[in-house]
Each structure stands twice: as structure tokens, then as C-alpha cells.
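The lines below spell out each chain.
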Amino acid sequence: MAGHNGNGKVAPAAYPPPVDPQAEFIKRTLDDEEERIDVGVAIVGGGTAGLATANRLLQLLADDAAGGGDVLERLGEVPVAVIEKAKVCGGHNLSGAVVRPGPLEELYPDLTREDWRKEGWAYGEVHKEAVYMTPTSKHAIRIPPPPPFKNHGNEVISVSALARYQQRLAEEAGAYVLTETAATQLLVEDGRVRGVRSGDKGRGKDGEPLGNFEPGTDITAQFTVLAEGCWGHLTGPAIREFDLAAGAEPQTWELGVKEVWKVAKPLDRLIHTIGPWPVKISAKYGQIGGTWIYPMKDEKTGDDLVSIGFVVDLDYADATTSAHDLLQQFKLHPLVKKILEGGERVGWGAKALPGGGYWSMPKLTMPGALLVGDSAGMVDTVALKGVHHCIKSGILAGEAIFEALKSGKTSLESYEDAVEESSIGKELYEVRNTRQPFQKGFLRGGPLVNLAIVTKGKLPPGKLAWHKQDQKPMFIGKTKDGYPKPDGKYTFDKLSSVFITGNATRDDAPNHIRVRKSVPREVAETWRWMCPAGVYEIPEDAPEHGNVDVIVNYTNCVQCGAITAKGGRLTTPEGGDGPLYQQT
């Protein structure tokens, strides 16, 4: 068996989690009619994509009713239900985020950008920007912004705050927003999605019902929208059930860790760095990462803020790679330190994101349901852009659902063509082959990536393949040797970071994380270092060689989803558990 010295290599895929998605997460019989909740349209996920779907659909329903139509009336007492597992919409949402404003302006045409800022979810238009290469821990070389990094005219926002605003609009328009409600099973009957089942509440560590136990409920709908974001708990089983990924490449993933700082001096420009430091560019290590530093002006408080984050591709091979610790290391660079000097960290969070792009997107519709936003893999990881695709996909989904309801159609196939012909399909197609070459390493893959960007995907030609990230053999390397010791003022450990997320998962909640408990040291070290929340521990007395038993501190979990890329499986926690992000 491979040992702790790192000479052995073990792929996490060889140790799959104890889970049967199709049996556990799909319910094939419906409860009796009097025991279930019937709604018009069920939207699973109260993030930017799901709420954009709700907002657009409700706009169309209102216009139809004003013109004498009866679609709204036909949907019953609950025309639109949004099912969100966090305490409030946006509570589990995180992104950089600098967005292209077009889809937001399309969805909310009566709002100006000044209105966005007064509402508290936008922080300023980008007028200046800079891109740096960081060859070492001391040096930074400014370079002309590559085309994907040109952000002039875009807006810095908080997706968690935007979701709270979208929730308010949806409720005002007639939606029922069920927060603290986890959707744990997809209802499938006679080959069609009929809705979802909500999770039980009030179970103990071993699944036993406690004094406050509440059983879950079947929520049936004419149409269902899967807007679960990254690592959709029901999206994966839906893709398998309806063979939506036939002909597509495997989805791949990245992990971003973000901090929000209140700073003494306002930052006057948007900054990206493209390395190679602090990652190791050797193909052996397989590390690809980049950073952002975005200025934020809070119009409500007058505070000058900075959003700073590190994103690492989860295709790396060194088990000691940690996005959280790489961010702490990056903050010690002179370029960064002068920006944060005299400041105070006020927010932290982490989230995985889909990185496969155009070729990894599954079919977007199935009988009775469709996929939007990150659930469908609509992210351009070259430009670090996905929020505008989430909003646009929600608009198109709302329109497709309304068209089907009005005409009496049972199919949502028109949504597929609408996405392909929209800015989503066009933009993702242009960057369809821009990340796969990095699987060869930074030095060998970099020139091909640049060629793909310059030619808008024409070269290299064809369809470049992805491999599944849990099939990457892991070894125990030296990345950890560069991580700084947390000082509690400028650099921080994982547990103090989790604390400021507002994570309120109860200590006696059931475990929502599935991993093998006994795995080779290389796999255990991968989980231990990768997790930004310190969920996975290796006992101090564990053997240096052979298998080790992994301790899972699941109540620390911030629902980032990265574990599923490297051999485990994240499932939904009890409704209301997890972080409560405010400015991420």
C-alpha cells in the first residue's frame, strides 16, 4: 500500500463513497393527494439562477393576467414555489463577483445601477483594471489584460445580497419561498419529473426522530426547475436518470475561497493575477490557479471594502494543495499586503464551481423539468464569469415555462434552442477548448490555451476532452511547506474562518457527507488539505503507511461541494444548516 512518503499514487475514484444516487435520491411513487403539496412550478434553489427564473416567470404571469389571461389562475394557490435549503436565499451563495450587466438590466429594466447600489448588492462600476503575473513571492509584472480579463463597464456585486433582493421581489410578485427546506429526492413517475420531496427535520445523529421531528413532504408541480448551483444534489441523479450527459465530456470543478476586507484606503482598480506563484507549475503537481482583488464601495455604510479570492482547479495531484492556505500565502505578497494593510477581515467563504464549460454541459431539459445556471455548468472559467449566465438562463427558463403553460405543451425543449442561440451558448462556445490543455501542465498547456483564446476556439480544432478529476492519482507533495502560520490578524486558520460565516449547523444533526472512512493516506490527506472548512481530520496516532481512518467533522461544512470532485459525496444537510453568507 502507498505510504506517507508520497512515493505512491492513489486515485480517489478507487474509493467511491457509500451512496446509490438513483435509489436514494429519486422517489418513484407519490404520496396520497391529501398528504402532498401541489404547486404550479417548483424551483429548487434560491440563488441567482433560480430566483431569476421565478422573477421572469412571475412577470409574464402578471402581464398575462392583466391582459385577461388565465395562466396564473390555472396554477392554483401556489403558482411558484422556491425551495431553498439555507436560512435565507443567498445564504449559501458565493462568487467573486464582477458581472456583465446585460442580463440584470434585461430582467430588471426599471432599475438603474444607482438603484442596485442603494439596494445594497452592487458596489461600483469597473473603470480601471490591472492584470499581473506573479513569478515569485516578491515580484509582480503588470501585463496587458488578456481579452477574457477585460472588465471595463462591468459591475462588482455580492451574489448573496443579490439573491436576498431577488427573493423579496419574488415574494412581492406572489411566489412562496420555502427557506430552511432541503429538497432531498426528485419525484419521477412514468418517466416524467413530478416535483421534489422535502427532507425530514429534527432527526438525531443516527437518524432517530427527536422531539421536534417533522417528516418531509412530496411537493408536486407541473414543471420543476433544478437551480441547485454547483454539485446539485438532485441534478446529478436527474442527469443519470434521463441520460442527459450522453455525448458530453465529464464535468470538472474548481474551488474558490474568498475573503471580504474593510480597508483603510480605497482600491481604485480591479486586479487579477495569473501566477504562476503561489502554485507549482510542474506537471507533476498539476496545479492551476488564479486570484482576484475587487474594490467594493458600500453605499449604505460608506465603507471601503475589498473582495479577494483564490481559485484552484481541482485537477491537481499534490494532496497537500489547499485553496484556503494558498489564499493566505497570496496575501503576503507585497502587491496584496499594501492593499490590505490597516484593514480588517469581515467575511469569508468557499464554493466549488463547474469548470468543464461548453463540452461538459448536459442536455438541459427532461420531461417535466429543466436545468439553469451552475446546475447546467454555465460558467466561463477563463474569464471567471458565470453570474450573467445564471441570470440569462433564468430569464430563458421563465419564458419557456410560461410558453408551455399557456399553450398546454408538456415539453420544455424550446429552452434548449434558446440557450444555444443566446449569449450563453455563444460565449461558452468561444471558450470551449480554452481550459483542457492545462491538463498537460502549465508550461505545456499554456501556449495552447493562449491560442484557443486568440482564435476564439478555432484552434486547437475539434472537441478537446476532459478527464474526471477523481481519477487523478494523488501523492503527498510539498505545497504545504509554503503555507504561512496563521496570525489571526492578517492570515487565518480554517476554523476561525468558518466561524465568521454564521454557520449554525447543530452538533447533533445527521451527517450529510458520504466518504469511505478507511482510505489510503494519500486520499485522506487530499480531503484534509482540500476542505476549506477543516471537515476532515486524520488521527494523530494514524499509521504512516497503509489505510487511515478519517474523522468527519461535518458540522463545520460550508457546503462548498469540493469533496465530490475528489472521491466523496456532498448531500443536502437539514434545512437551515450551513453558512449564512452576507456579502459573498
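Bear in mind that the values here come from a model prediction, so they are computed numbers and not experimental data.

**Considering the overall build of the protein**
Here is step 1: From N to C terminus, the protein includes 15 helices and 27 strands.
Here is step 2: Over its C-alpha atoms the protein spans a radius of gyration of 23 Å, differing by no more than 12% from the 25 Å that the globule rule assigns to 584 residues.
Here is step 3: Sorting the 584 residues of the protein into buried and exposed places 61% on the buried side.
Here is step 4: Within the protein, contacts between residues at least 6 apart in sequence are counted, and of these 79% link residues at least 24 apart.
Here is step 5: Split by element, the accessible area of the protein, about 22300 Å² in all, is 51% carbon and sulfur.
Here is step 6: In the protein, 66 positive and 76 negative side-chain charges are present, and the distance between their average locations comes to 8 Å.

**Description of a negative patch on the surface**
Here is step 1: On the surface, D32, E33, E34 and E35 cluster together to form a negatively charged patch.
Here is step 2: Assignment of secondary structure puts D32 in the loop between β1 (26–27) and β2 (37–44).
Here is step 3: On the basis of relative accessible area, D32 is assigned to the partly exposed category, the value being 45%.

**Re the packing of aromatic side chains**
Pairs of aromatic rings are described using the distance from one ring centre to the other and the angle between the two planes.
Here is step 1: This structure, assessed with the given rule, holds 13 aromatic pairs.
Here is step 2: A connected cluster of aromatic rings, assembled from ring pairs, spans Y108, W116, W121 and Y165.
Here is step 3: Above the ring of Y285, the side-chain terminus of K280 is found at 5.7 Å from the ring centroid.

**Some details on the sheet that holds strand β8 (residues 155–157)**
Here is step 1: On the basis of which strands lie adjacent, the open sheet formed by 3 strands has the order β4-β8-β5 and antiparallel pairing. Bordering the open sheet on either side are β4 (98–99) and β5 (122–125), each of which pairs with just one other strand.
Here is step 2: With 2 bridges joining them, β4 and β8 adopt antiparallel strand pairing. The partner of V98 across the bridge, within β8, is V156.

**Some words on the pattern of salt bridges**
Here is step 1: Enumeration according to the criterion identifies 37 salt bridges in this entry.
Here is step 2: Between D304 and K297 there is a salt bridge, and its shortest N-O distance comes to 3.2 Å.
Here is step 3: The class for D304 is buried, based on a relative accessible area of 19%.
Here is step 4: A salt bridge links E574 to R506; its shortest N-O distance comes to 2.7 Å. Placement of E574 in the segment after β27 (569–570) and of R506 in the loop between α14 (494–499) and β22 (513–514) is noted, with a sequence separation of 68 residues between them.
Here is step 5: Looking at R506, the relative accessible area reads 21%, which means it is partly exposed.
Here is step 6: A cluster of three or more residues bridged by salt bridges with shared partners is formed by E105, R113, E114, R117, E125 and E155.

**Structural notes on the environment of V498**
Here is step 1: Relative to the assigned elements, V498 resides in helix α14.
Here is step 2: A relative accessible area of 7% places V498 in the buried class.
Here is step 3: Distance in space between the C-alpha atoms of V498 and P579 is 8.1 Å, their sequence separation being 81 residues.
Here is step 4: Residues contacting V498, with those up to four places away along its chain left out, are W348, N503, A533, N556 and V558.

**Some words on the sheet that holds strand β19 (residues 344–354)**
Here is step 1: Spatial ordering of the open sheet is given by β7-β6-β16-β17-β18-β15-β19, a layout of 7 strands whose pairing is mixed. The open sheet has two edge strands with one neighbour each: β7 (141–143) and β19. When the angles between neighbouring strand axes are averaged without regard to direction, this sheet yields 20°.
Here is step 2: Relative to β19, strand β15 (residues 253–262) runs antiparallel, the two being bridged by 10 bridges. Its bridge partner lying in β19, L255 is registered against A352.

**Structural notes on the pairing of strand β14 (residues 218–226)**
Here is step 1: Counted residue by residue, β14 has 8 buried out of 9 residues, so it is predominantly covered.
Here is step 2: When β2 meets β14, the two strands line up parallel, connected through 7 bridges. When the sheet's bridge partners are listed, V44 is paired in β14 with L226.
Here is step 3: By the bridge criterion, 3 bridges tie strand β11 (residues 192–198) to β14 in an arrangement that is antiparallel. Along β14, the bridge assignment pairs R197 with D218.

**Remarks on helix α6 (residues 159–172)**
Here is step 1: The end-to-end C-alpha distance of α6, which contains 14 residues, comes to 20 Å, matching closely the 20 Å that a straight helix rising 1.5 Å per residue would cover.
Here is step 2: Every buried residue of α6 is accounted for by V159, S160, A161, L162, A163, Y165, Q166, Q167 and A170.
Here is step 3: Considering only its buried residues, α6 is in contact with α2 (48–66), α4 (102–107), α5 (113–119), β8, β9 (176–178) and α10 (387–407).
Here is step 4: Immediately beyond the C-terminal end of α6, within one or two residues, lies G174, with a positive phi of roughly 115°.

**Describing a positive patch on the surface**
Here is step 1: A cluster of basic residues, K9, K280, K284, K478 and K480, forms a positive patch at the surface.
Here is step 2: Its location among the elements puts K284 in the loop between β16 (270–276) and β17 (289–297).
Here is step 3: On the basis of relative accessibility, which here comes to 49%, the residue K284 falls in the partly exposed class.

**Side note on the nonpolar core**
Here is step 1: I293, I308, L340, I513, W527 and Y536 are the most contacted members of the largest nonpolar core, which totals 67 residues.
Here is step 2: Put simply, the parts of the chain that give this core at least two residues each are β6 (129–134), β15, β18 (304–313), α8 (323–330), α9 (334–340), β19 and α15 (521–530).
Here is step 3: Element by element, the count of residues in this core is highest for α15, at 5 residues.
Here is step 4: Each residue touching W527, except ones within four places of it in the same chain, is listed here: V515, R516, V519, Y536, V550, I563, K566 and G567.
Here is step 5: Counting 66 residues, the second-largest nonpolar core is a separate cluster that includes V44, F223, F402 and L412.

Procedures and definitions
- Residues numbered from 1 in each chain as written.
- Predicted model: local features only at pLDDT ≥ 70, side-chain atom pairs only at ≥ 80, totals over all residues.
- Heavy atoms only, no water.
- Helix = DSSP H or I, 4+ residues; strand = E, 2+ residues; numbered from the N terminus.
- Rg over C-alpha atoms; globule rule 2.2 N^0.38 Å.
- Buried < 20%, exposed > 50% of the residue type's maximum accessible area, 1.4 Å probe, protein only.
- Contact = heavy atoms within 4.5 Å.
- Areas by Shrake-Rupley, 256 points an atom, 1.4 Å probe, with all protein chains shown as cover.
- Lys, Arg positive; Asp, Glu negative; His and termini not counted.
- Charge placed at Lys NZ, Arg CZ, Asp CG, Glu CD.
- Patch = residues over 30% accessible without salt bridge, like charges linked within 9 Å, V, L, I, M, F, W, Y side chains within 5 Å.
- Salt bridge = Lys/Arg side-chain N within 4 Å of Asp/Glu carboxyl O.
- Phe/Tyr/Trp six-rings, centres within 6.5 Å; stacked < 30°, edge-to-face > 60°.
- Lys NZ or Arg CZ within 6 Å of the ring centre and 35° of its normal.
- Pairing = 2+ DSSP bridges.
- Axes fitted to C-alpha atoms, helices over the stretch in contact; angles between N-to-C directions.
- Expected span 1.5 Å × (residues − 1).
- Core = buried A, V, L, I, M, F, W, Y, C linked by side-chain atoms within 4.5 Å.

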